[in-house]
Each structure stands twice: as structure tokens, then as C-alpha cells.
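Chain and residue survey
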Amino acid sequence: MRLGIDLDMTLVDFNPVYQEAFDYYGMEYEKPKTWGMFDYPRFIRKRIFKSFSNSKIMCSLHPYDDSHPFINHMRHLGHQVIIITARDPKMNNEHFINSLFQVDDIIVTQPGKSKQKILKEKAIDIWIDDCPDQVIETYQSGIETIMIQNNDTLYNQHINHIPRINRLSDLLVNIPELVN
Ligand SMILES: [Mg+2]
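Small disclaimer: the values here were computed from a predicted structure and weren't measured. Every chain begins its residue count from 1, and numbering advances along the sequence as written. Given that this is a predicted model, residues contribute local features only at a pLDDT of at least 70 and side-chain atom pairs are listed and counted only at 80 or more, while totals for whole chains, interfaces and linings are drawn from all residues.

Digging into the pairing of strand β2 (residues 80–86)
Between the buried cut of 20 or more and the exposed cut of 12 or fewer other C-beta atoms within 10 Å of a residue's own C-beta lies the partly exposed class, and all C-beta atoms are placed from the backbone. Numbering goes from the N terminus for both helices and strands, where a helix is a DSSP run of H or I of at least four residues and a strand is a run of E of at least two. When you tally the buried positions in β2, you get six out of seven residues, the bulk of the element. Bridge count between strand β1 (residues 2–5) and β2: four bridges; the pairing is parallel. Note on β2: the bridge partner recorded for Leu-3 is Val-81. Between any two strands, pairing holds if DSSP finds at least two bridges. The sheet contact formed by β2 and strand β3 (residues 105–109) spans five bridges and is parallel.

Description of the nonpolar core
For the purposes of this analysis, a nonpolar core is taken to be any set of buried Ala, Val, Leu, Ile, Met, Phe, Trp, Tyr and Cys residues that are connected through C-beta atoms within 7 Å. Counting residues in hydrophobic clusters, the biggest one holds 28 residues, and the most contacted among them are Leu-3, Ile-5, Val-81, Ile-82, Ile-83, Ile-126 and Ile-128. At the level of elements, β1, α4 (67–76), β2, α5 (93–100), β4 (126–129) and β5 (144–148) are the ones that each hand at least two residues to this core. Looking at which element gives the most residues to this core, the answer is β2, with four residues. By the convention adopted here, residues are in contact when the distance between their C-beta atoms, placed from the backbone, does not exceed 7 Å. With sequence-adjacent residues up to four places away left out, Ile-128 is seen in contact with Ile-5, Asp-6, Thr-10, Ile-146 and Ile-148. Of all hydrophobic cores here, the second largest spans six residues; its members include Ala-21, Tyr-40, Ile-44 and Ile-48.

Here's what the structure looks like:
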């Protein structure tokens, strides 16, 4: 099985990127409630968009506790794990991801663009992601899709027709066909 997986807020905690902007302005941090951060003041959004091109910030994020165990378990079972992330291509994303995870392939796509074409090209069987637009598009295309939905992803709470998990470790318990 070819397992495609998103990076930010799926394998690594992305909150520090948002939080940096709130800290900069001496404001109390609030998690984004919309995918485009439209609930944030304009100056906060501007600061965050600037961070997207700041490799010091973007390459200092930490994996969730269960990210390594999940990837290692999937690969141990013979599945291929492919990380597909939308990030500023000018940064050394591959080096950062390679320093965190041992996977079969890493693909960096253009931020703000659909990953659908690359999912088809890479013949992804299962896609795991937190992005509301992407999970809807992938699900509708017929690729098996699993959405990360938890207290950090307030922007996708309205989606309830797509298989959802709270965290990656849930998959090891709830979707046995994936791990067998
Ligand atoms: Mg994400």
C-alpha cells in the first residue's frame, strides 16, 4: 500500500508558527478557527505568512509523539510512506524532513495549491491530512482519505462525512486493514 501523508499539523506540531506571531505582538495565542486564518487580525496573518518563508521557524517544528512509531510501524508492515507537504520550496524542506523521519519519498508542493495531481501521479492509495479543502477533494476523487481532526484543527471541525481520527496512533487500533 502507498500511504501519502501531510506534514504540518499531521506529523509535526504547527502551533509554534502561529504562536510566534502572537508572541511578537505580545498577544495571547489563539488557535486558528479557519483554514486561511481569516479569524486573525491582519497584522498577525501577515507575520505568519512571513514565517512560511523563514527556515529557522519552519525547520524547527517538532513531531508529535506518535509520528515516528506510526511511520516505522507502517514501513515495518511493508507499506510505502510518502510525505507530501506544501511549503516554500526555497527552504531546505527535504533536509528538515529527512532529519525527522525515515520515509520512502518526500514531495514538496506549492503552498495554497491542490495536491490532487501529485497524489494521482504517485498512485497514493490512502491519504492522511488535516486540510479541509484537500481532504474533501481527495475523498471525492475516490482515494481513501483519513482526516486528522482534534483540538488543534478547529478549522476542519465542520467536516463529518470523511473518516476521521484524533491522532495517528488511532489508526493502529481503528483501521486494522491498514496495518494487516
Ligand atoms: Mg497540514
